[in-house]
Amino acid sequence: MVWVELRALRDDIDLGTPPRDGAPVTLSIDGVDVTVPAGSSVMLAAATAGRPVPKLCATDTLAAFGSCRVCLVEIEGRNGCPASCTTPVEAGMRVHTRSERLDRIRKGVLELYLSDFPEEDLPGGWSEFHETLATVGVTSHPYGRGENHLAAPIDRSNPYFVFDPAKCIVCSRCVRACEEIQGTFALTIADRGFRSAVVASQGESFLASECVSCGACVQTCPSQALIEKSLFEGEYERAHPTQA
Amino acid sequence: MPIPRKPDGSVVTTCAYCGVGCGFKAETLGGKVVRMIPWKEGKANHGHSCVKGRFAFDYYAHPDRVRTPLIRDHIDEPWRAVTWDEAIGHAATRLRDIQARHGTKSVGAVSSSRCTNEEIFLVQKFARVALRNNNIDNCSRICHSPTQFGLSATLGAGAASQHFDSVLQADVILVVGANPTEGHPVFGSMLKRRVREGARLIVLDPRRTETVNSPHCSADVHLALRPGTNVAVLDSIAHVVVREKLYREDFIRSRCHRDEFEQWAALVGDDRYSPEVVGPQARIDPEDIRRAARLYAAGPRSTIYYGLGVTEHSQGSTGVMCLGNLALACGMVGREGVGVNPLRGQGNVQGGSCLGSWPHMFSGYRFVTDPEVRSSFERAWDITLDAEPGLRLPNMFDAAVAGTFKGIYIQGEDPVQSDPNRDHIVAAMRAMECVILQDLFLTETANFAHVFLPGSSSLEKDGTFTNAERRVSRVRKIVEPLAGLADWEITVRLTNAMGYALHYDHPSEVMLEIARTSPAYRGMTYALIDRVGSVQWPCDENAPEGTEVLHTATFPRGKANFMLTEFVPTRERADDRFPLLLTTGRVLSQYNVGTQTRRTGNVAWYAEDLLEISAQDAAARGIVDGDPVAVSSRVGSTVLRARLSTRVSPGVVYTTFHFAQSKANAITTDLSDWATNCPEYKVTAVEVMRVTPSMTRAQPTPVAEAVEA
Amino acid sequence: MSDTPVIEVERLVAMANQIGDFFAPYPSAQRAEGIRNHLRHYWDPRMRAALLAHLDATGGADLAESVSIAARLLRDESRAGAKAYAGPPRAG
Ligand code: SF4
Ligand code: SF4
Ligand code: FES
């Protein structure tokens, strides 16, 4: 229940999924035994064991969503690679967070994300997305500049933050933060597939929308597509040319 | 510049804007605050925030901030910039001179809920040891003084019985005269979360607020009562509890005085409080009163949150008592998920209340007339203290008008804009010989001041705040005070200049003194707060890390008390000349009188105070949306822009009071709560009339002034 | 200092009557004691003195009867030492 989810949060660590308060369950992560409350995710157990799994769409202030496929792990006795954020722990589970296969899959997924991210924004970046790329060791992608979102206009309407769709990886953390944490339901993901995009209310600007500017979306955005204006000197502009 | 600058420093501190008291990490770059990130370990906010604390911090470096002390002999003269020594010396000389001519009791002081606990404590100490009287009050006088009175009378402690998280265990949530999603947004989000999980919601409010209806959260019962009928409606809810025997016999027997319960049940059980009688008076459906009563009494865990809609009435204290009575009768006190909880407006209203900034009480809610308590302070401070209660803030103004009160030291308050009956306050200000104002900006009140002492924002000093759930959290200095001194240092200097020697090296030493002299803070130290994050009082040997839920085993007086709460209608009535009832409130993006938020980008959402009026009342007066309208009451009038709204019922109009230009307090009367003189902001009979544009020229456009930052 | 009441008497009378209204539902002895306790421990002594002076001078026609009775109790030596309290008025 929410009670525990909120009270057990810690500042210095993102457990990936909300803390739980079930009976203790012991499992092994990369050979290390760890005990966590029942109801916890494998991702949380891994973070607790000091073996954090790379992730994009998960964070411990939001319910697990399971959309980005970066957090895959191997579990002995199971086929395939389940997403650690949506897999609950079980007693005696033996989880592996690193392997050649996992590396390959994660790299592949991240390269796809990177192919639609402005390459000028890579060097010097310090967002969660940048950090995840660095942990997995992805610095480039084999796709060339293809279809991208550089034509989408930047929304500067809010006095305090900007939304640059070109940097959005559509993890929907902002949408979920608006619903689960703030309770305003101002954001949605419109459309599907490549065209899917974050929109405020019925496609309005952030300022004109139902958004109350609590900042929960900005705080949770892993890619700094939503970001405080105060971190820029002067107005936020793209470094890259606008192109279709 | 696509890559954002990365902050190079981070300090945990507490938001000063509202009584939620959210924990933040103030992130700095090259010594400047560049963003505020909500602290995940903040026990009031768990990593959440609202637009004010999160973004509206840049007021601190606003060019309008006063950076040097100012003095003048007369309020018609221009200010002269002087040194700190000269300003303090001047202030002290003027105060001493007034006292020599008009008596010890001709001066007083008022402390601010925007200041830290340490600073509030020092201002009341200043009044008692340097002014040598008890003319000391705090700004909760005009918002939550009835809370202290009404909850002390019933439960025995004038503070919230729960911690905020308790709402996450509630099955039924009763919100009375509060709009948490706007006034206390982070708590409002928690409340909505609980409602989405299935809790039932009852709202008592004349207005269809956002709390009444928003996506995935709507009230099961909304009692849109007529302003001024709170006590009647709450008594009527109690009537149903009594007549339908929904009360908890076992709880009443073990935790309350049975005879007082009988006395109370006889009063509220009388036919005059039946829903069928009260409903028409309050213009609500009697059946809704019954539904509300049954829901609340059934629980199993029912909790009450209330705000200024309860307190700012001529029966404000009575209204608070009604809530205490109701919770006691239904056994909804002393566990997780229940309780009676004020939602406090300004950041440190609870601190203002606990730390002795009262004319009749020392810190820890102990009467100045109590000889033992008084002598404990006399020993601690080595001075004889005034044994009689002093003047309350409104009475100080009354006395100024009567010519018996001549000087005041005001810490961070703007009474000319925020207190009721503006003309009366202005007359009082003009009648005083020395007004010493300590603030960040030259406010409306500064127009009437003789000495201006530039204060410091909460980013510029160390200290603590006590939020609405009794939680004491650290305020940490991020940047140096813009004008050189933190507020506590200014008060210390003024005390010294008045001839009482005072010295502290750091606010932590003031906290030690608070702990030594105030029972509920006995165990409170900076080291403890640093270790556990924040501490809810009472904190003492029995509760070394503080107390989340009050009254679990006993009440402060052993048993709790039922109070008799007869409904006495306010003298302020609608009639033919003033047929509408005006009630007031606040919006999310602005903060109280807006001294700070008006100087931030928050004006993007709300650039002026608007008058909400029902379509029916507007049509009857030929008013269309956006028209400038004159709003007049028995005491004065002002011009606002009309907004047609379905949030208010016909017969009721509503406005906020965030902008000085709108002078909302020019129309509110000086009627006040019987017990505490808390002003009746929530009920004013008015008439509204369309005005032609030429009549509004005197009205400056608020936006231009406010956005220049 | 002078004979000027600290606050205009009209205002004091209005405040006192409001206090009287609150305690009205209590039995008479409790009612008077509740008002007395409030005036004694919440009012500046000059406000009490002005109210009493007004009562002496006019007989208190504009004051609620319960308030006049309670105000006179302020002079009752036997209650002078009574400590302040919150909560229901104590029986006389
Ligand atoms: S804006 Fe940020 S949080 Fe929202 S979907 Fe895009 S990347 Fe995720
Ligand atoms: S204004 Fe209140 S709710 Fe908003 S961040 Fe500050 S303390 Fe929290
Ligand atoms: S983090 Fe698990 S799927 Fe995105």
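Definitions and limits used
Residues numbered from 1 in each chain as written. Chains lettered and ligands numbered in written order. Predicted model: local features only at pLDDT ≥ 70, side-chain atom pairs only at ≥ 80, totals over all residues. Heavy atoms only, no water. Helix = DSSP H or I, 4+ residues; strand = E, 2+ residues; numbered from the N terminus. Buried < 20%, exposed > 50% of the residue type's maximum accessible area, 1.4 Å probe, protein only. Contact = heavy atoms within 4.5 Å. Lys, Arg positive; Asp, Glu negative; His and termini not counted. Charge placed at Lys NZ, Arg CZ, Asp CG, Glu CD. Near = heavy atom within 4 Å. Nonpolar A, V, L, I, M, F, W, Y, C, P; charged D, E, K, R; others polar. Buried area = accessible area lost by both parts, 1.4 Å probe. Salt bridge = Lys/Arg side-chain N within 4 Å of Asp/Glu carboxyl O. Polar contact = N/O pair within 3.5 Å; in protein donor to acceptor, adjacent residues only side chain to side chain. Pairing = 2+ DSSP bridges. Phe/Tyr/Trp six-rings, centres within 6.5 Å; stacked < 30°, edge-to-face > 60°. Axes fitted to C-alpha atoms, helices over the stretch in contact; angles between N-to-C directions.

Peer 1: Which residues make up the overall build of chain C, and what values do they have?
Peer 2: Within chain C one finds four helices and zero strands. Scanning chain C from its N terminus toward the C terminus, one meets helices and strands in the order α-α-α-α. Taken along its principal axes, the extent of the C-alpha atoms in chain C is 35 × 25 × 20 Å. Residues counted as buried form 54% of the 92 residues belonging to chain C. Restricting the contact set of chain C to residue pairs at least 6 apart, pairs at least 24 apart contribute 69%. Separation of charge centres in chain C, based on 11 positive and 11 negative side chains, amounts to 9 Å.

Peer 1: Give a description of the site of ligand 1 that names residues and reports values.
Peer 2: Near ligand 1 lie 13 residues; those nearest to it are Cys168, Cys171, Ser172, Cys174 and Cys221 of chain A. Across the shell around ligand 1, the residue classes tally to ten nonpolar, two polar and one charged.

Peer 1: An account of the interface of chain B and chain C is requested, with residue identities and associated values reported.
Peer 2: The interface of chain B with chain C comprises 47 residues on the first partner and 34 residues on the second. Interface area for chain B against chain C, summed over the two sides, is near 3200 Å², with a carbon-plus-sulfur share of 58%. Area buried by chain B at its contact with chain C is led by Phe367, Leu564 and Trp674 of chain B, which between them contribute 19% of it. Run the count over chain B and chain C and you get five salt bridges. Among the ionic pairs, Arg40 of chain C bridges to Glu388 of chain B, the shortest N-O distance being 3.0 Å. Scanning the region where chain B abuts chain C turns up twelve residue pairs in polar contact (both at pLDDT 80 or more). Broken down by secondary-structure element, the contributors of at least two residues to the side of chain B that touches chain C are helix H2 (84-102), helix H4 (145-154), helix H9 (258-268), helix H13 (316-329), helix H15 (371-381) and helix H16 (393-402) of chain B. In terms of residue count, H16 of chain B provides more of the side of chain B that touches chain C than any other element does, six residues in total. Among the residues forming the side of chain B that touches chain C, the class breakdown is 19 nonpolar, 15 polar and 13 charged.

Peer 1: Please provide a residue-by-residue account of the site of ligand 2, values included.
Peer 2: Residues and elements named next belong to chain B. Close to ligand 2 lie Cys15, Tyr17, Cys18, Val20, Gly21, Cys22, Phe24, Cys50, Lys52, Gly53, Pro185 and Val186. Secondary-structure elements contributing two or more residues to the shell around ligand 2 are helix H1 (51-55) and helix H6 (185-196). Class assignment of the residues belonging to the shell around ligand 2 gives a composition of nine nonpolar, two polar and one charged.

Peer 1: Describe the pairing of strand E9 (residues 200-204) of chain B, listing the residues and the values that go with them.
Peer 2: Along any regular strand the residues' side chains alternate between the sheet's two faces. Residues and elements named next belong to chain B. Burial of E9 is extensive: four of the five residues sit out of reach of the surface. Pairing geometry for strand E8 (residues 172-176) and E9, over five bridges, is parallel. Bridging from a neighbouring strand, Leu174 pairs with Ile202 of E9. Bridge count between E9 and strand E12 (residues 221-223): three bridges; the pairing is parallel. Residue pairing in the sheet places Val203 in a bridge with His222 of E12.

Peer 1: Quick rundown of the environment of Tyr273 of chain B? Include the residues and the values.
Peer 2: Here Tyr273 of chain B is to be found in the loop between H9 and helix H10 (275-282). A distance of 2.8 Å separates the side chain of Tyr273 of chain B from the backbone nitrogen of Phe567 of chain B, its partner in a polar contact.

Peer 1: Could you give an account of the packing of aromatic side chains, naming the residues involved and the relevant values?
Peer 2: Enumeration over the complete set of coordinates arrives at 27 aromatic pairs over all chains. An angle of 5 degrees between the planes, with centres 5.1 Å apart, marks the rings of Tyr160 of chain A and Phe55 of chain B as stacked. Taken together, the positions of Tyr160 of chain A in the loop between helix H4 (128-136) and strand E5 (161-163) and Phe55 of chain B in helix H1 put the pair across two chains. Residue class for Tyr160 of chain A comes out buried when judged on its relative accessible area of 8%. Judged by its relative accessible area of 4%, Phe55 of chain B falls in the buried class. For the ring pair Phe261 of chain B and Trp264 of chain B, a centre distance of 5.8 Å and an interplane angle of 45 degrees mean the geometry is tilted. With Phe261 of chain B and Trp264 of chain B both in helix H9 and three residues apart, this pair spans about one turn of that helix. Judged by relative accessible area, Phe261 of chain B falls into the buried class, the value being 2%. Its relative accessible area of 1% is what places Trp264 of chain B among the buried residues.

Peer 1: Tell me about the pairing of strand E20 (residues 463-466) of chain B, and please be specific about residues and values.
Peer 2: Residue and element names in this part refer to chain B. Residues Gly463 and Phe465 of E20 are buried on one face, and the alternating residues Thr464 and Thr466, pointing to the opposite face, are buried as well. The pairing of E20 with strand E21 (residues 471-475) spans four bridges and is antiparallel. Within E21, the position partnered with Gly463 by the bridge is Val475. Once E20 ends, the chain turns through four residues before running back antiparallel as E21, passing Arg470 with a positive phi of about 70 degrees.

Peer 1: So what's going on with the sheet that holds strand E22 (residues 534-536) of chain B? Residues and values would help.
Peer 2: Residues and elements named next belong to chain B. With antiparallel pairing, the three strands of this open sheet are ordered in space as E20-E21-E22. Across the chains shown, the open sheet's two edge strands, defined by having one partner strand only, are E20 and E22. The mean angle between the axes of side-by-side strands here comes to 30 degrees, regardless of whether they run parallel or antiparallel. Taken together, the three bridges between E21 and E22 define a ladder with antiparallel strand orientation. When the bridges of E22 are listed, Ser473 appears paired with Ser534. Where helix H3 (residues 117-130) meets the sheet, it contacts E20 and E21, and its direction lies at approximately 90 degrees from that of E20.

Peer 1: Describe in detail H16 of chain B, supporting the description with residues and values.
Peer 2: Within H16 of chain B, eight of the ten residues are buried, which leaves the element mostly enclosed by the surrounding structure. All of the buried residues in H16 of chain B are Leu393, Pro394, Asn395, Met396, Phe397, Asp398, Ala399 and Ala400 of chain B.

Peer 1: Talk me through the interface of chain B and chain A; I want residue IDs and the actual numbers.
Peer 2: Facing the 46 residues of chain B at the interface are 50 residues of chain A. Counting each side, the surface lost to burial between chain B and chain A is near 4300 Å², with a carbon and sulfur contribution of 55%. Counting the contacts that link chain B with chain A gives seven salt bridges. Glu228 of chain A serves as the salt-bridge partner of Arg54 of chain B, at 2.9 Å between the closest nitrogen and oxygen. Here chain B is connected to chain A by 22 residue pairs in polar contact (both at pLDDT 80 or more). Mapped by element, the contributors of at least two residues to the side of chain B that touches chain A are strand E3 (32-38), H1 and H6 of chain B. No other element matches H6 of chain B, which puts six residues into the side of chain B that touches chain A. The class makeup of the residues in the side of chain B that touches chain A is 19 nonpolar, twelve polar and 15 charged.

Peer 1: Explain the arrangement of the chains to me, using residue names and the numbers behind them.
Peer 2: Comparison of the two pairs of chains in contact shows the highest number of contacts for chains A and B. Nothing in chain A touches chain C, and the closest approach of their C-alpha atoms is 35 Å.

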